[in-house]
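Single-letter residue listing:
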Amino acid sequence: MIVFTGIQPSGVIHLGNYIGLMKQLIGIQDQYKSFFCIVDLHTITANKLAPNELRGNVFKMVAAHLACGINPEKAVIFNQSIVSGHTELSWLLGCYTPIGWLNRMTQFKDKAGRDKQKASLGLYSYPVLMAADILLYNAQYVPVGDDQKQHLEITRDIASAFNKHYRQDYFVLPEALINSSRVMSLRDGTKKMSKSDPSDYSRINFDDSDKSIINKIKKAKTDSILGFDIDTLSARPEVCNMVNIYSALSDIKVDMLCNTISKYSMERFKKELVDIIISTISPVRKKMTELLSDKDYLLKVLKHGGDKAAGITHQNIKKIKDIIGFVQW
Ligand code: AQP
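Residues numbered from 1 in each chain as written. Predicted model: local features only at pLDDT ≥ 70, side-chain atom pairs only at ≥ 80, totals over all residues. Heavy atoms only, no water.

**Comments concerning the site of the ligand**
Looking at the ligand, there are 23 residues lining it, with Ser10, Lys111, Lys192, Lys195 and Ser196 nearest. Contact between the ligand and asparagine 17: an oxygen atom at 3.2 Å from a side-chain N or O atom of the residue. In the complex, 97% of the free accessible area of the ligand, which totals 640 Å², lies under the protein chains. Listing elements by their share of the shell around the ligand, those giving two or more residues are strand 1 (2-7), helix 1 (15-31) and strand 4 (141-145). In terms of residue count, the dominant contributor to the shell around the ligand is helix 1 (four residues). Counted by class, the shell around the ligand contains five nonpolar, 13 polar and five charged residues. (Near = heavy atom within 4 Å. Polar contact = N/O pair within 3.5 Å; in protein donor to acceptor, adjacent residues only side chain to side chain. Areas by Shrake-Rupley, 256 points an atom, 1.4 Å probe, with all protein chains shown as cover. Helix = DSSP H or I, 4+ residues; strand = E, 2+ residues; numbered from the N terminus. Nonpolar A, V, L, I, M, F, W, Y, C, P; charged D, E, K, R; others polar.)

Here it is in structure tokens:
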């Protein structure tokens, strides 16, 4: 069984990426043939970072994977732009994707903002590139946060359209391994925690110092309701989000946790939350710092993964071109 997943090097990983994705990958690498891709081609669809920043973020992402416990001998870790099959298949699949399907994508609507005419073609065709990422490896499973569900559905639709057109079951229809624990912004409990949120106070980054974590949780938005009653949590988005973070990091179910903390003051709750966040992040941060001081090693990991991925995808692209009818030798 093959698993593919991607993460954008649009910044340093935050608690949302860790709880929504990274935690799962550690178990997945032992069970499946795993491809963990740093999707730099996706990043330039919306974030035009300075070249040094983009390069630096890719190194930070490899370091984050390794520091969280991903083993490059078990999982294939690589950056997307080094494996040309991703862009090649994206073009091919784009020719089997009706524009009407892309027009329904909510992420495009969210990210393009008010002036859609100014959004790039790359942002519009993002779902086709994501479909190519997955289908290039014939992955059966794709671990993603629930915000990516729609992109998985269009991947299956594109694969089916291709299979139907050529009357064969060439592409496997991938299934999402959805993690429903979505972490929200610390400033607005209705918005997801995101690397590209302009407010750094909206998220906890894995390179934040302990002091910064304390400060961010101290300033995190709350409300004036006393205690932590499970029945009222859903109407309290920011508090609910912090309880969910506590639950995810401690592996204590929310109802059990609420029993314990029901009479806590906000100050006491936030203090315990800070402790658990720091105890999760600080060993990862320490390891990331060590790894980042050895760029040659990180480059070696990327090259090792990139070579493996390129070998596999080269064969696959050849077969797809053959199905379409291109002349090859
Ligand atoms: N807040 C979140 N809660 C739970 N899961 C999350 N993921 C991202 N944010 C949260 C999951 O992490 C994986 C990698 O995401 P990504 O970096 O490729 O892109 P994203 O979802 O667009 O994340 P960001 O932080 O919001 O990045 P920017 O700001 O660059 O767009 C995915 O599986 C995602 O579901």
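**Examining the packing of aromatic side chains**
Taken as a whole and judged by the stated rule, the model has 13 aromatic pairs. When the centroid spacing of 5.1 Å and the interplanar angle of 40° are considered together, the rings of tyrosine 18 and phenylalanine 206 count as tilted. One end of the pair, tyrosine 18, is in helix 1; the other, phenylalanine 206, is in the loop between strand 5 (175-179) and helix 10 (210-219), and 188 residues separate them in sequence. Ring centres 4.7 Å apart and planes at 40° place the aromatic pair phenylalanine 228 and phenylalanine 269 in the tilted group. Linking phenylalanine 228 in the loop between helix 10 and helix 11 (237-250) with phenylalanine 269 in helix 13 (residues 266-292), this pair joins segments that are 41 residues apart in sequence. What makes phenylalanine 269 buried here is its relative accessible area of 0%. An aromatic cluster of three or more residues is present, and its members are Tyr96, Phe162, Tyr166, Tyr170 and Phe171. Above the plane of the ring of tyrosine 264 lies arginine 268, whose end atom (NZ or CZ) is 3.9 Å from the centre. Just above the ring of phenylalanine 59 sits the side chain of lysine 295; from NZ or CZ to the centre is 5.6 Å. (Phe/Tyr/Trp six-rings, centres within 6.5 Å; stacked < 30°, edge-to-face > 60°. Buried < 20%, exposed > 50% of the residue type's maximum accessible area, 1.4 Å probe, protein only. Lys NZ or Arg CZ within 6 Å of the ring centre and 35° of its normal.)

**Some details on the side chain of serine 185**
Summarising the element assignment, serine 185 is placed in the loop between strand 5 and helix 10. Polar contacts involving the side chain of serine 185 include one to the main-chain amide nitrogen of arginine 187, which spans 3.0 Å. Setting aside anything within four residues of it in sequence, one finds serine 185 in contact with Lys191, Lys192, Met193, Asp197, Ser202 and Asn241. (Contact = heavy atoms within 4.5 Å.)

**Description of the environment of tryptophan 329**
Mapped onto the secondary structure, tryptophan 329 falls in the segment after helix 14 (295-324). In this structure tryptophan 329 comes out as exposed when scored by relative accessible area, which is 86%. C-alpha of tryptophan 329 to C-alpha of lysine 318: the two residues are eleven residues apart in sequence and 9.6 Å apart in space.

**A closer look at the domain arrangement of the protein chain**
One can read the domain layout of the protein chain as domain 1 (2-183 + 295-324) and domain 2 (200-289). Taking only C-alpha atoms, the centre of domain 1 and the centre of domain 2 are 30 Å apart. Between domain 1 and domain 2, the residue contacts involve 14 residues of the former and 15 residues of the latter. Overall, the association of domain 1 and domain 2 removes approximately 1200 Å² of surface from exposure, summing both partners, and the carbon and sulfur fraction of that is 76%. Interface area lost by domain 1 to domain 2 is led by Val12, Leu15 and Ala67, which between them contribute 39%. Where domain 1 touches domain 2, the interface holds one salt bridge. The closest approach of N and O atoms between aspartate 251 and lysine 23, which form a salt bridge, is 3.4 Å. (Domains from an automatic or database assignment. Buried area = accessible area lost by both parts, 1.4 Å probe. Salt bridge = Lys/Arg side-chain N within 4 Å of Asp/Glu carboxyl O.)

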